[in-house]
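Analysis of the macromolecular model
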Amino acid sequence: ALALMFAGARKLPIGHSVMHQKPFHIDPGNRSHDKYMGVELSEKTLGIIGLGQIGSRVAELGKALGMKVLAFNRTPKNLDDVKEVDLDTLFQRADLISINSAFVPKMKTLINAEALSKMKKGVIIINTARGDFIDEQALKIALSSGQVGGFGADVLADWSSNNPLLKQENVVLSPHSGFFSSESLTNMADIIVRNVESYAAGKPQNVVS
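These numbers come from a predicted model, not from an experiment. (Residues numbered from 1 in each chain as written. Predicted model: local features only at pLDDT ≥ 70, side-chain atom pairs only at ≥ 80, totals over all residues. Heavy atoms only, no water.)

This next bit is on the nonpolar core. Ile49, Ile111 and Ile125 are the most contacted members of the largest nonpolar core, which has 30 residues in total. Listing elements by their share of this core, those giving two or more residues are strand 2 (68-72), helix 4 (87-93), strand 4 (96-99), helix 5 (113-118), strand 5 (123-127), helix 6 (136-145) and strand 6 (148-153). Examining the composition of this core, we find that 4 residues originate from one element, helix 6, more than from any other. Residues in contact with Ile111, not counting those within four places in the same chain, are Ile49, Phe91, Ile99, Leu116, Met119, Ile125, Phe133, Ile134 and Asp135. By size, the runner-up hydrophobic cluster in this structure holds 18 residues, among which are Met5, Ala7, Val69 and Leu96. (Core = buried A, V, L, I, M, F, W, Y, C linked by side-chain atoms within 4.5 Å. Buried < 20%, exposed > 50% of the residue type's maximum accessible area, 1.4 Å probe, protein only. Helix = DSSP H or I, 4+ residues; strand = E, 2+ residues; numbered from the N terminus. Contact = heavy atoms within 4.5 Å.)

With that out of the way, let us pick up the packing of aromatic side chains. Scanning all chains against the criterion turns up 3 aromatic pairs. Pairing Phe24 with Tyr36 gives two aromatic rings, centres 5.2 Å apart and planes at 50°, and the pair type is tilted. Placement of the pair is Phe24 in the loop between helix 2 (12-21) and strand 1 (45-49) and Tyr36 in the loop between helix 2 and strand 1, with a sequence separation of 12 residues. When the ring of Phe179 is compared with that of Phe180, the centres are 5.6 Å apart and the planes differ by 55°; the resulting orientation is tilted. (Phe/Tyr/Trp six-rings, centres within 6.5 Å; stacked < 30°, edge-to-face > 60°.)

Our next topic: the sheet that holds strand 1. Strand order in the open sheet formed by 7 strands is 3-2-1-4-5-6-7, with parallel pairing between adjacent strands. The open sheet terminates on both sides in strands that have one partner only, identified here as strand 3 (82-84) and strand 7 (171-173). The sheet shows a mean angle of 20° between the axes of neighbouring strands, direction not considered. With 3 bridges connecting them, strand 2 and strand 3 associate as parallel partners. Across the sheet, Ala71 pairs through a bridge with Glu84, a residue of strand 3. Against the sheet, helix 1 (residues 2-9) engages strand 1, strand 4, strand 5, strand 6 and strand 7, with an angle of about 155° to strand 5. Where helix 6 meets the sheet, it contacts strand 5, strand 6 and strand 7, and its direction lies at approximately 135° from that of strand 6. (Pairing = 2+ DSSP bridges. Axes fitted to C-alpha atoms, helices over the stretch in contact; angles between N-to-C directions.)

For strand 2, the tally of buried residues reaches 4 of 5 residues, placing the bulk of the element in the interior. In the sheet, strand 1 pairs with strand 2 via 5 bridges, with the strands oriented parallel. When the sheet's bridge partners are listed, Thr45 is paired in strand 2 with Lys68. Taking the sense of rotation as the criterion, the β-α-β connection linking strand 1, helix 3 (residues 53-64) and strand 2 turns out right-handed. (Right-handed = clockwise from strand over helix to strand, strands pointing away.)

These results come straight from atomic positions and should not be treated as a statement about function.
Okay, structure coming up:
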């Protein structure tokens with residue numbers, strides 16, 4: 001989630017593709033280079049949807065980066081220095097939005113045209129949860145108009161080559177690889193065993209919340 005956040009905030013996908021074609025230096029006086037201008041994360045407001053284990057960790061790391069953190073969760077979490085708000089407030093106040101919630105059917109296309117219209121112009125949206133949270137056609141329109149400044153995702157609703165987001169230069173995508181590290185694969189068997197043991201003991205861990 002943080003990797004996608006940095007990539008979106010600093011316009012890395014746009015610069016990356018052009019650098020592979022022809023390396024160049026940014027010229028601050030060249031207005032055509034403005035599309036590479038990013039924003040710093042410090043002092044920005046991070047809005048987190050879902051304060052489970054992942055969302056809570058994103059909040060902690062966001063605070064470490066100097067961000068103000070707002071969050072929406074279906075049940076109160078009462079985390080230090082995290083202000084819990086309703087979705088409308090989060091949409092209106094966040095500079096970056098990270099979706100980390102477990103998915104339920106009523107949250108399908110939570111990020112739709114109406115929600116996007118409430119957000120700050122230039123908002124950056126990160127989705128590492130489930131593709132179905134996003135109305136991808138509405139998001140494509142918002143990206144094209146500049147209402148949304150960037151989108152980073154590890155998941156998609158439409159995994160076909162016809163996905164409207166694939167041709168947007170201010171989009172960075174990863175192939176559902178958020179879990180795919182040598183450390184996580186090494187620890188996976190132990191985690192499964194501990195989950196079963198803790199559940200049998202009546203003290204479940206790693207619960208989706």
